[in-house]
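An overview of the molecular structure
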Amino acid sequence: VQLQASGGGLVQAGDSLELSCAASGSTYYIMGWFRQGPGKEREFVATISWGGGMSDYANSVKGRFTISRDNAKNTVYLQMNSLKPEDTAVYYCAAGRVYGTEFNRYQYWGQGTLVTVSS
C-alpha cells in the first residue's frame, strides 16, 4: 500500500482545512492520521475503521476534526475546523490491519503534509 497525503497549507487561526490521503492498492485497512509538531513527538490524531463505522480522535482535536473515507476512491479525509496554532504540524496518514490509536498498529505511512496555523 502506498499513501499520498495532500491538502496542507498555511491558514489563520479559526480557519478550516481538509487533508486527503490517497491509497494505492487494497483499501481493506484501518486508516489513521498522526501529526508531528515542531520539537514534538509524533502523536495520534484520528482513526477510522475500514467500513467507516468506528472512529476515534485525540482529545485535543475532538469536536473540531472529522475523519472520513471513501473506499470507492481509495481516499481518507481529515476535515479540520477551528484550527489553532498548536495544530501546526506535519500530518501523516497511515494504514494498518488492527484498529487502534497506537503508532505501532500502522504498517504503512504517507510522506506527510505540512499544516501551519498562524495566530
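See the structure printed just above.
What comes next is a walk through the structure. (Residues numbered from 1 in each chain as written. Predicted model: local features only at pLDDT ≥ 70, side-chain atom pairs only at ≥ 80, totals over all residues. Heavy atoms only, no water.)

Applying the stated rule across the entire model yields 4 salt bridges. Here Glu 43 and Arg 35 are joined by a salt bridge, their closest N and O atoms 2.6 Å apart. Overall, Arg 35 belongs to the buried group, its relative accessible area being 5%. Its salt-bridge partner being Glu 102, residue Arg 105 comes within 2.5 Å of it at the nearest N-O pair. Overall, the relative accessible area of 28% leaves Arg 105 in the partly exposed class. One salt-bridge network, held together by shared partners, links Arg 35, Glu 43, Arg 64 and Asp 87. (Salt bridge = Lys/Arg side-chain N within 4 Å of Asp/Glu carboxyl O. Buried < 20%, exposed > 50% of the residue type's maximum accessible area, 1.4 Å probe, protein only.)

On to the sheet that holds strand E7 (residues 65-70). Judged by pairing direction, the sheet is antiparallel, and its 4 strands sit side by side in the order E1-E3-E8-E7 without closing on themselves. With one partner strand each, in any of the chains shown, strand E1 (2-6) and E7 form the two edges of the open sheet. Strand after strand, the sheet turns through a mean of 15 degrees between neighbouring axes, direction not considered. Two elements, E7 and strand E8 (residues 75-80), share 6 bridges in a ladder whose sense is antiparallel. (Pairing = 2+ DSSP bridges. Helix = DSSP H or I, 4+ residues; strand = E, 2+ residues; numbered from the N terminus. Axes fitted to C-alpha atoms, helices over the stretch in contact; angles between N-to-C directions.)

Moving on to the nonpolar core. The biggest cluster of nonpolar side chains holds 33 residues, and the ones touching the most others in it are Trp 33, Leu 78, Met 80 and Tyr 91. Contributing elements (two or more residues each) for this core: E1, strand E3 (17-24), strand E4 (30-36), strand E5 (43-48), E7, E8, strand E9 (89-96) and strand E11 (113-118). The dominant element in this core, judged by the number of residues it contributes, is E9, at 5 residues. Sequence-distant contacts of Leu 78, that is, excluding residues within four places in its chain, are made with Leu 17, Glu 18, Leu 19, Trp 33, Val 45, Ala 46, Phe 65, Thr 66, Ile 67 and Tyr 91. (Core = buried A, V, L, I, M, F, W, Y, C linked by side-chain atoms within 4.5 Å. Contact = heavy atoms within 4.5 Å.)

Keep in mind these values describe shape, not function.
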